[in-house]
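Report on the structure
What follows is each chain in one-letter form.
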Amino acid sequence: MVLKRLYYKSCGNYIVKAISLPAFKQSFVPLLCCTAGCINQKSKMLHMHKILLLLLFNIAVFQGLIAQTLPIDPKATPETKNLYLNLQRLAKKGIMFGHQDDLAYGIGWKYEPGRSDVKEVVGEYPAVVGWDLGHLELKRPVNLDSVPFDAMRNFAQQVYARGGINTFSWHPNNPVDPSKDTWFQQDSTIKQVFADPAIMARYDAWLDEVAAFFKSLKGPKGEAIPVIFRPLHEHTGSWFWWGRGHSTVAEYTKFWRYTVDYLRNKKGVHNVLYAYSPDRFESREAYLERYPGDEYVDILGFDIYHRPNPSDSIDHFVANTRQMVQTLAEIGKEKNKVITLSETGLEQLPVADWWTRTLVPVVQDAGLSYVLVWRNGRPDHFYAPYPGQASAEDFKKFYQLPNVFFQKDVAAENIYKKPTKSKKGSKL
Ligand code: BMA
């Protein structure tokens, strides 16, 4: 089928309308013939009728099947565009599972090639693997959680080679005083970045490091590996220097746009999809309060952790979080954006059936692209099970759900290639 792409603006997004040229020929050629050499009025009317119906049918079918959003970066590489289109396609069928630092370390091991706690429980890697760039800005060889950046690059290449997805968060130190960490809650940091050229120059230099790292992620043919970048996250809270309590709405949104423009336009980084992910939120208005605009965000997400306490029962957490997921789904639909639960988890997983009892009712049938649980950092700080862990059996049940996707399901879909129909035999 020959496709012609027409772009038009809607809600600030570019929508691809795909129209079949043969179908157009079928519709218009008879129209021309008919008008030129019409035999009689009646047959002309009949012809027009048929043509109109054919046109309406074509438009309905092709819009419904193929209408999709392109990345905010018009120069996004072909693989990055394909990834974004495939994220939209796969989100209609189920949800991918992701885990932070999955290949780097787990409970009782560090940097052992091929290992993954998730794989050791279910026999398969997660579909999505998260990494953090914190301390890249300081030119340190290892990130804030001791993952060497060279190893991270290599792991990201492995994930890509297996057909999976890499997502990057960034916990940078404070640009006003780089000796202070990401949690240093100095008020007005963003304001000072914009006010003081020396601080701005420092932030630019930090972004240079990020740009160089993303550009250094290369696939086997030298192509740039597409990634999801989720900077300045959890900003509805005030624990990071870019948080709600330390900047105005105008400062935060300007800072987000500056960051995207710098990487995309100034540094020419074109293998990135940008994810916006506040922490918990009470309403649609609260979610969108610091939203930088449709031209600056590809993926809409949020982070929320399950922290059981007497006032937050499992049922309460599920109901509350599900409400947020539904609000997010509505916003995603309106804006034609991919949606995700970008970070979640229950630390130490003491609830044996947490996966099917808590996570599934939160995420099911909501159109979320992926859900990512946080890192297995220490025996008192982990979010995915390992063999023998209390929730491991339930995690296997979660893994077997037909609409929960791990690495092989996603690999079978060739997500860096042009979207095609799902293959037979895949869970998708
Ligand atoms: C937090 C914890 C920290 C870690 C930080 C950044 O949630 O896991 O130990 O340093 O994320 O990854």
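Relevant structure appears above.
Everything numeric here is computed off the predicted structure, so don't read it as measured data.

Our next topic: the overall build of the protein. Each helix and strand in the protein was counted, giving 13 helices and 14 strands. The buried share of the protein, taken over its 428 residues, is 53%. Summarising the internal contacts of the protein: among those between residues at least 6 apart in sequence, 72% fall at separations of at least 24. As presented, the protein carries roughly 18,700 Å² of accessible surface, and 57% of it is formed by carbon and sulfur atoms.

According to the stated counting rule, one finds two cavities of 30 Å³ or more in the structure shown. Counted as a void, the second largest cavity has a volume near 40 Å³. Along the walls of the second largest cavity sit Trp 170, Pro 172, Tyr 203, Pro 231, Leu 232 and Trp 242, which together make up its complete lining. Tallied by class, residues from the lining of the second largest cavity come to six nonpolar, no polar and no charged.

What follows concerns the side chain of Asn 174. Tracing the chain through its elements places Asn 174 in the loop between β8 (165-169) and α6 (189-195). Within polar-contact distance, the side chain of Asn 174 engages the backbone oxygen of Phe 184 at 3.4 Å. Ignoring any residue separated from it by four or fewer positions in sequence, one finds Asn 174 in contact with Lys 180, Asp 181, Phe 184, Gln 186, Thr 189, Trp 206 and Trp 241.

In this section: the site of the ligand. Residues in contact with the ligand, as listed here, are Leu 144, Asp 145, His 171, Trp 183, Trp 374, Arg 375 and His 381. Contact between the ligand and Trp 374: an oxygen atom at 3.0 Å from a side-chain N or O atom of the residue. Contact with the protein chains hides 77% of the accessible area of the ligand, taken as 310 Å² for the molecule alone.

Attention shifts here to helix α12 (residues 392-400). For α12, every residue scored as buried is listed here: Ala 392, Asp 394, Phe 395, Phe 398 and Tyr 399. Buried residues of α12, viewed axially, fall in a sector of 155°; they line one side. Those residues of α12 that are exposed and angled more than 90 degrees off the buried face are Glu 393, Lys 397 and Gln 400. In this fold, the buried residues of α12 make contact with β4 (95-100), α4 (117-122), α11 (354-363) and β14 (404-405).

This part is about the environment of Asp 208. Within the element layout of this structure, Asp 208 appears in helix α7 (residues 197-215). Here the alpha-carbon distance between Asp 208 and Tyr 262, two residues 54 residues apart in the chain, equals 8.8 Å. Each residue touching Asp 208, except ones within four places of it in the same chain, is listed here: Tyr 262 and Lys 267.

Before going further, it helps to examine the pairing of strand β7 (residues 128-132). Successive residues of a regular strand alternate their side chains across the two faces of the sheet. Buried residues dominate β7, accounting for five of its five residues. With respect to chirality, the unit in which β7 leads through helix α5 (residues 149-161) into the neighbouring parallel β8 is right-handed.

Take the pairing of strand β10 (residues 272-276) next. For β10, a buried count of five out of five residues is recorded, marking the element as mostly surrounded by other parts of the structure. Residues Val 272, Tyr 274 and Tyr 276 of β10 are buried on one face, and the alternating residues Leu 273 and Ala 275, pointing to the opposite face, are buried as well. Looking at chain direction, strand β9 (residues 227-230) and β10 are connected through three bridges and run parallel. Opposite Ile 228, over in β10, you have Leu 273 as the bridge partner. Crossover connection from β9 via helix α8 (residues 249-266) to parallel β10: handedness right-handed.

In this section: the environment of Lys 110. Considering the arrangement of structural elements, one finds Lys 110 in strand β6 (residues 109-110). Between the C-alpha atoms of Lys 110 and Val 147, which are 37 residues apart in sequence, the distance is 9.6 Å. Not counting residues within four places of it along the chain, the set of residues in contact with Lys 110 comprises Ala 104 and Tyr 105.

Reading the values: rules and limits
- Residues numbered from 1 in each chain as written.
- Predicted model: local features only at pLDDT ≥ 70, side-chain atom pairs only at ≥ 80, totals over all residues.
- Heavy atoms only, no water.
- Helix = DSSP H or I, 4+ residues; strand = E, 2+ residues; numbered from the N terminus.
- Buried < 20%, exposed > 50% of the residue type's maximum accessible area, 1.4 Å probe, protein only.
- Contact = heavy atoms within 4.5 Å.
- Areas by Shrake-Rupley, 256 points an atom, 1.4 Å probe, with all protein chains shown as cover.
- 1 Å grid on protein atoms, 1.4 Å probe; cavity = no way out; pocket = protein on both sides within 12 Å on 5 of 7 lines; lining within 4 Å.
- Points joined across faces, edges and corners; volume = space filled by probe spheres on them.
- Nonpolar A, V, L, I, M, F, W, Y, C, P; charged D, E, K, R; others polar.
- Polar contact = N/O pair within 3.5 Å; in protein donor to acceptor, adjacent residues only side chain to side chain.
- Near = heavy atom within 4 Å.
- Arc of directions from axis to C-beta.
- Right-handed = clockwise from strand over helix to strand, strands pointing away.
- Pairing = 2+ DSSP bridges.

By themselves, these figures tell us nothing about what the structure is for.
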